[in-house]
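# What the coordinates show
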Amino acid sequence: MRGWWREISGLVLPAACEGCGRPRTVLCPDCGAALLGWDAGTGGPTGAVAVAGPCRVRPSPEPPGLPEVHAAAPYAGPVRALLLAHKERGALGLAAPLGAALAAAVEAAAGPLEDVRPAPLLLVPVPSSRRSVRARGHDPTLRIARAAAARLRCTGRPARVVPVLRQRRRVADQAGLGARGRRANLSGALEVVPGGGRLLAAGLVVLVDDLMTTGASLAEAARALGEIHSPFIPSSPEGLPAVSGQGGIEQRVGAVIASSPASFEINRNSVGTRIVAGGER
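Conventions we followed
- Residue positions are counted from 1 within each chain, in the order its sequence is given.
- Only residues with pLDDT of at least 70 are given local features in this predicted model, and only at 80 or more are side-chain atom pairs given and counted; all residues enter the totals for whole chains, interfaces and linings.
- Think of the side-chain values as coming from all heavy atoms in the structure, minus any hydrogens and water.
- Whether a residue is buried, partly exposed or exposed follows from its accessible area with a 1.4 Å probe, protein chains only, as a fraction of its type maximum: under 20%, in between, or over 50%, in that order.
- Runs of E in the DSSP output that reach at least two residues are strands. Runs of H or I that reach at least four are helices, and both are numbered from the N terminus.
- We call two strands paired when DSSP finds no fewer than two bridges between them.
- In this charge count, Lys and Arg are treated as positive and Asp and Glu as negative; neither His nor the chain ends contribute.
- Salt bridges are counted wherever a side-chain nitrogen of Lys or Arg sits within 4 Å of a carboxyl oxygen of Asp or Glu.
- The set of buried Ala, Val, Leu, Ile, Met, Phe, Trp, Tyr and Cys residues whose side-chain atoms join them within 4.5 Å is what this entry labels a nonpolar core.

The next subject is the pairing of strand β3 (residues 121–125). Counted residue by residue, β3 has five buried out of five residues, so it is predominantly covered. Across three bridges, β3 lies against strand β4 (residues 159–161) in parallel orientation. Bridge assignment links Leu-121 to a residue of β4, and that residue is Ala-159. Where β3 lies against strand β7 (residues 204–212), five bridges are found, and the strand directions are parallel. What sits directly across from Leu-123, in β7, is Val-206.

Right, here's the structure in full:
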């Protein structure tokens with residue numbers, strides 16, 4: 001009921017941009033550009049600064065088992081405001097643009113199309129607790145993942161959401177916990193639902209979330225997938241799902257909409273140019 005009322009009220013009540021407060025629009029062009037890694041407030045992509053995304057990000061310290069993760073934009077300014085508006089205030093109209101940003105990160109993580117008929121991208125969302133879903137009235141990560149899969153299909157990439165992860169024990173609120181505390185809080189907290197291995201055996205698995213801070217959630221999700229024992233999924237010597245084009249699971253990447261600005265530092269030495277107002281430096 002809460003979600004239904006929010007969607008209806010968004011159609012009939014005066015709107016303001018959830019990122020910056022600009023009137024008469026739920027998402028202004030500058031804040032929409034910020035979601036894709038452009039610096040809001042400089043006129044959008046035609047005259048903006050390409051911040052970093054979508055590109056690889058890495059938290060410091062990096063938790064063991066974290067897959068290679070790509071993010072669309074730094075978690076700051078309007079991007080932070082938009083994610084909080086969708087997650088905590090039920091601004092459900094933002095699901096489509098947030099999904100587009102996640103889709104861009106997924107494409108960066110999965111790499112370019114190489115086959116005429118590529119294996120589908122299987123988006124596996126990091127699960128929210130039932131308690132959080134009840135409190136918010138919706139599952140924000142699942143909603144955004146479905147919007148991202150729809151966007152990917154529109155661009156010609158087969159994709160679907162496969163929500164096979166669940167919490168097998170209660171965890172404490174992550175707010176206020178540091179990197180070590182979050183790892184301890186989430187250690188062993190996730191598992192794959194029965195039969196999930198069969199669903200993951202036919203494509204490239206991309207773990208998805210709206211935000212990466214310490215990387216603990218994505219690392220725990222990757223660990224849970226690595227524990228799958230199924231005749232459909234051969235295991236690698238390292239204990240992770242094997243990369244295989246013959247029906248085996250391919251799980252080596254993750255994608256998020258946003259990550260902490262510091263996590264983009266990995267790209268300073270590997271990326272030699274930045275687009276600034278139509279030029280390079």
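Below, the discussion takes up the side chain of Arg-157. With respect to the helices and strands, Arg-157 occurs in the loop between α6 (140–154) and β4. Although buried, Arg-157 forms no salt bridge, and the nearest oppositely charged side chain, Glu-107, lies 4.4 Å from it.

Take the nonpolar core next. A general trend in soluble globular proteins is that nonpolar side chains are found buried together. Core analysis: the biggest nonpolar cluster contains 38 residues, and Leu-102, Val-106, Leu-123, Val-206, Val-208, Ala-255 and Ile-257 have the highest contact counts within it. Top element by residues in this core is helix α4 (residues 95–110). It accounts for seven residues. Ranked by size, the runner-up nonpolar core spans 26 residues in total, among them Ala-71, Val-126, Val-162 and Ile-228.

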